[in-house]
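One letter stands for each residue in the lines below.
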Amino acid sequence: MRVKIGECLLELVEGDITRQDTEAIVNAANEQLIPGGGVDGAIHRAGGPSIAEEARKYGRCPTGSAVITGAGNLKARYVIHAVGPRYRDGKHGEAELLASAYRSALKICLEKKIDSVAFPSLSTGAYGYPLEEASRIALKTIISFLKEHQYPRLVRMVLFGKEAYKAYEEALKEIAEAENLKPDA
């Protein structure tokens, strides 16, 4: 499923983020920027040790922020490491921090003139963020950024599994209708 936002395209796909042909992919990183499990582990395994070596130079990356490294052996040129929040109960600023992680990654695209980027669903794996709520925050944040900046030209949400895809698809249909955007299948 995809929607046009001005000259930009936001699309949802089910798949493997490490195989994306976008200029950058976003990693669901931790504050220490140390290779972990889930998306983070998959990116580091597929991209090789140079990603972790380069990330180490930053030291840390606070929750809600993002940093950029090369992509090692991946098809992408860059990996943007975005740190989403651990979900506690939704009453500790989690929504703001999650939106900030997406915005921070998009700002890096803008600064570095990265034309296409692929995101995973941040914080919905080991960090426990409820999928339905996270999908709405992610999509609203991305759409708002694209409306304001008209960049990057392509934002692809790469969702792991049918459940994640379905949650994002439902959220995008709802938001697209409210924002008067025309989705195409």
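The shown structure was predicted, so the numbers you read here are calculated from the model rather than taken from an experiment.

Caption draft 1: Quick peek at the overall build of the protein. Looking only at helices and strands, the protein features 5 helices and 8 strands. When the helices and strands of the protein are read in sequence order from the N terminus, they spell out β-β-β-α-α-β-β-α-β-α-β-α-β. Here the C-alpha atoms of the protein give a radius of gyration of 15 Å, agreeing with the 16 Å that 2.2 N^0.38 yields for 185 residues. Taken along the three principal axes of its C-alpha coordinates, the protein extends 45 × 35 × 30 Å. The buried share of the protein, taken over its 185 residues, is 52%. Within the protein, counting contacts between residues at least 6 apart in sequence, those at least 24 apart form 71% of the total. Taking the 25 positively charged and 25 negatively charged side chains of the protein as two groups, their mean positions are separated by 3 Å.

Caption draft 2: Just the sheet that holds strand 1 (residues 2-5), in detail. Pairing is mixed across the open sheet formed by 8 strands, whose spatial order is 4-5-3-6-7-2-1-8. Single-partner strands in this sheet number two, and they are strand 4 (66-70) and strand 8 (183-184). As defined by bridge partners, strand 4 adjoins strand 5 (residues 78-82) across 5 bridges and the pair is classed as antiparallel. Across the sheet, Thr69 pairs through a bridge with Val79, a residue of strand 5. Helix-sheet contacts for helix 1 (residues 38-47) involve strand 3 (24-28) and strand 5, and the interaxial angle to strand 3 is about 130°.

Caption draft 3: Examining helix 3 (residues 94-112) more closely. Over its 19 residues, helix 3 runs 27 Å from end to end, which matches the ideal 27 Å to within 8%, given 1.5 Å per residue. Restricting attention to buried positions, one finds in helix 3 the residues Glu94, Leu98, Ala99, Ala101, Tyr102, Ser104, Ala105, Leu106, Ile108 and Cys109. Backbone geometry just downstream of helix 3 places Lys113 in the positive-phi region, at approximately 55°.

Caption draft 4: Representation of the packing of aromatic side chains. Going through the model one piece at a time under the given rule, you end up with 2 aromatic pairs. When the ring of Tyr102 is compared with that of Phe119, the centres are 5.2 Å apart and the planes differ by 35°; the resulting orientation is tilted. One end of the pair, Tyr102, is in helix 3; the other, Phe119, is in strand 6 (residues 116-119), with 17 residues separating them in the sequence. The class for Tyr102 is buried, based on a relative accessible area of 0%.

Parameters and conventions
- Residues numbered from 1 in each chain as written.
- Predicted model: local features only at pLDDT ≥ 70, side-chain atom pairs only at ≥ 80, totals over all residues.
- Heavy atoms only, no water.
- Helix = DSSP H or I, 4+ residues; strand = E, 2+ residues; numbered from the N terminus.
- Rg over C-alpha atoms; globule rule 2.2 N^0.38 Å.
- Buried < 20%, exposed > 50% of the residue type's maximum accessible area, 1.4 Å probe, protein only.
- Contact = heavy atoms within 4.5 Å.
- Lys, Arg positive; Asp, Glu negative; His and termini not counted.
- Charge placed at Lys NZ, Arg CZ, Asp CG, Glu CD.
- Pairing = 2+ DSSP bridges.
- Axes fitted to C-alpha atoms, helices over the stretch in contact; angles between N-to-C directions.
- Expected span 1.5 Å × (residues − 1).
- Phe/Tyr/Trp six-rings, centres within 6.5 Å; stacked < 30°, edge-to-face > 60°.

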